[in-house]
Amino acid sequence: MRKKIWFLFAIFIFTAMVPKEIHAQNEATSEEPIRGIYVQASNTKGPKFTQLVNLVKDTELNAMVIDIKDDWGHITFEPSKISAYHANSHPYITNPEELMKTLEKHNIYPIARIVVFKDSVLSQKEPSYSFKKGDNLWKNSRGDSFTNPFLKEVWDYNIGIAIEAAKLGFKEIQFDYVRFPEKFEQFESELTYYKPHSTGNQGQHRIDAVTEFVKMAKKRLEPYDVKMSVDTFGNTTVIEKAPGIGQDFLKISKNIDIISSMIYPSHWSGIFGLQKPDLEPYKLVHEYARVEKEKLSKLKHPPKSRPWLQDFTAPWLGKGNYLIYGKKEVEDQIRALHDQGIHEYLLWNSKNVYTPGVDYTPFK
């Protein structure tokens, strides 16, 4: 009898301990540096998705950034028919529950990308939420419209989508286009739109609007146990602030878990003494990371740095100004981050065609 009691007690102790050990292992796994790729919502099914999943699970990659609200403003899955978002949805993701199960099965960290203020869909449906030029909805040279970052209704709309993504099971919400249109300060006087301040420093007012949106989003997402990241222009890090678009790197960084600057070498000109930055990916990324590290060190609780890197070729720069980006160029960027103490990154290719054979930890 006594042996039986001790046997049962031993089983109880073992059973109680196992979940803790598993939980500890999961916690350790969650601390692994995030290395991810961008995935269009339309590529979350069929052979293309299988190819992308295999790329991640067969390499040192471990994450996917997936569009939940895309560059046009479509919600990329079909919410409930009674949802306020249903009318603006385009179900590229035909079965979000199955998608999340697939990502979990292969231990792929799921990040929901939400394009915030660049939003042609909402602008067309609610022109009062956007900018008008004369009698027409304003569009940039690419045909995109933006919603107005001064409007709380626009904030609520995008935060609500983020909450929907969290409920689907995404572990992180990544906000992109958290800004006014590019070069806004050069043409904003030609536009009609709501602005709460008719006087004073309009650039500072724009910075305040973007910063307050980020703060509110972080607060509203707290009950959902998700990380929050924001994409920023790389040049907002190396200048004090960018009042034209409303991005202040440090103010945004104070209110988020991860900062993801877009530091593609092809997007710079004459920076860090490099006349043709696209030709020197290691030097460009190394110098950027050095400046970012110095800037973030000023914060008491800095966010984690996880920059966007270039896995595409930029022929629009013209002959002699660009490289064909392949294995070496991608690895050079990763190595440059590592040499500055940054071990996380995301790879951007708008068509989701990633360079084969890359060593995603070339610094080992």
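Residues numbered from 1 in each chain as written. Predicted model: local features only at pLDDT ≥ 70, side-chain atom pairs only at ≥ 80, totals over all residues. Heavy atoms only, no water.

Novice: Got a minute to help me understand the overall build of the protein in this structure?
Specialist: For the protein, the count of helices and strands is eleven helices and 13 strands. Its C-alpha atoms give the protein a radius of gyration of 22 Å, within 12% of the compact-globule value 21 Å for 364 residues. In terms of overall dimensions, the protein has C-alpha extents of about 90 × 50 × 45 Å along its principal axes. Expressed as a percentage of its 364 residues, the buried residues of the protein come to 51%. Of the contacts formed within the protein by residues at least 6 apart in sequence, a portion of 75% connects residues at least 24 apart. Where the 49 positive side-chain charges of the protein centre and where its 46 negative ones centre are 2 Å apart. (Helix = DSSP H or I, 4+ residues; strand = E, 2+ residues; numbered from the N terminus. Rg over C-alpha atoms; globule rule 2.2 N^0.38 Å. Buried < 20%, exposed > 50% of the residue type's maximum accessible area, 1.4 Å probe, protein only. Contact = heavy atoms within 4.5 Å. Lys, Arg positive; Asp, Glu negative; His and termini not counted. Charge placed at Lys NZ, Arg CZ, Asp CG, Glu CD.)

Novice: Quick question: what am I supposed to make of the pairing of strand β13 (residues 345-348) here?
Specialist: Two faces make up the sheet, and in a regular strand the side chains alternate between them. Alternating positions in β13 separate into two faces, Tyr345 and Leu347 on one and Leu346 and Trp348 on the other, with burial throughout. In terms of strand pairing, strand β1 (residues 35-39) meets β13 through three bridges, oriented parallel. Looking across to β13, one finds that Ile37 is bridged to Leu347. Examined bridge by bridge, strand β12 (residues 308-310) and β13 share three bridges and lie parallel to one another. By the bridge assignment for β13, Gln310 is matched with Trp348. Handedness of the crossover is the feature at issue here: the chain leaves β12, passes through helix α11 (residues 327-339), returns alongside β13, and the resulting connection is right-handed. (Pairing = 2+ DSSP bridges. Right-handed = clockwise from strand over helix to strand, strands pointing away.)

Novice: I would appreciate a short explanation of α11 in the present structure.
Specialist: Counting along an α-helix, one turn takes 3.6 residues, and residues three or four places apart therefore face a common direction. Between its first and last C-alpha atoms α11 spans 18 Å; for 13 residues at 1.5 Å apiece the expected length is 18 Å, and the two agree. Those residues of α11 lying buried are Glu329, Val330, Glu331, Asp332, Gln333, Ile334, Ala336 and Leu337. Buried residues in α11 make contact with α10 (281-296), β12 and β13. At the C-terminal side of α11, Gly341 shows a positive phi close to 85°. (Expected span 1.5 Å × (residues − 1).)

Novice: Can you help me understand the nonpolar core in this one?
Specialist: The nonpolar side chains of a soluble globular protein tend to be buried, and buried together. The biggest cluster of nonpolar side chains holds 96 residues, and the ones touching the most others in it are Ile37, Met64, Ile68, Ile173, Phe175, Val178 and Phe213. At nine residues, the largest contribution of residues to this core is made by helix α5 (residues 152-168). Not counting the four nearest positions on each side in its chain, Phe213 is found in contact with Val116, Phe117, Trp155, Asn158, Ile159, Phe175 and Val178. (Core = buried A, V, L, I, M, F, W, Y, C linked by side-chain atoms within 4.5 Å.)

Novice: Help me out: how do you make sense of the environment of Gly160 in this one?
Specialist: Checked against the element boundaries, Gly160 lands in helix α5. Residues Gly160 and Val330, 170 residues apart in the sequence, show an inter-C-alpha distance of 36 Å.

Novice: Would you mind showing me how to read the pattern of salt bridges here?
Specialist: Pairs can form between side chains of opposite charge whenever their charged atoms are close. Applying the stated criterion across every chain, the model contains 23 salt bridges. The salt bridge partner of Lys195 is Glu188, with a shortest N-O separation of 3.7 Å. What makes Lys195 partly exposed here is its relative accessible area of 31%. Among the residues examined, Glu188 registers a relative accessible area of 13% and is labelled buried. Beyond isolated ion pairs, a larger network of salt bridges with shared partners links Asp67, Asp71, Arg113, Lys118, Asp144 and Asp176. (Salt bridge = Lys/Arg side-chain N within 4 Å of Asp/Glu carboxyl O.)

Novice: What is the right way to look at unusual backbone geometry in this model?
Specialist: Trans is the prevailing form of peptide bonds, just as negative phi is the prevailing case for residues other than glycine. The phi dihedral of Tyr177 falls on the positive side, at around 50°, and the residue is not glycine. Within the secondary structure, Tyr177 is located in the loop between β8 (172-176) and α6 (184-187). Residues other than glycine seldom take positive phi values, yet Asp225 does so here, at roughly 55°. Here Asp225 shows up in the loop between α7 (202-221) and β9 (227-233).

Novice: What is the right way to read the confidence of the model for the protein from this model?
Specialist: Looking at the protein, pLDDT values average 92 and 92% of them are 70 or higher. Under a pLDDT of 50 for its full length, residues 1-29 has, in the predicted model, zero contacts with residues more than four places off or in other chains. (pLDDT = per-residue confidence, 0-100.)

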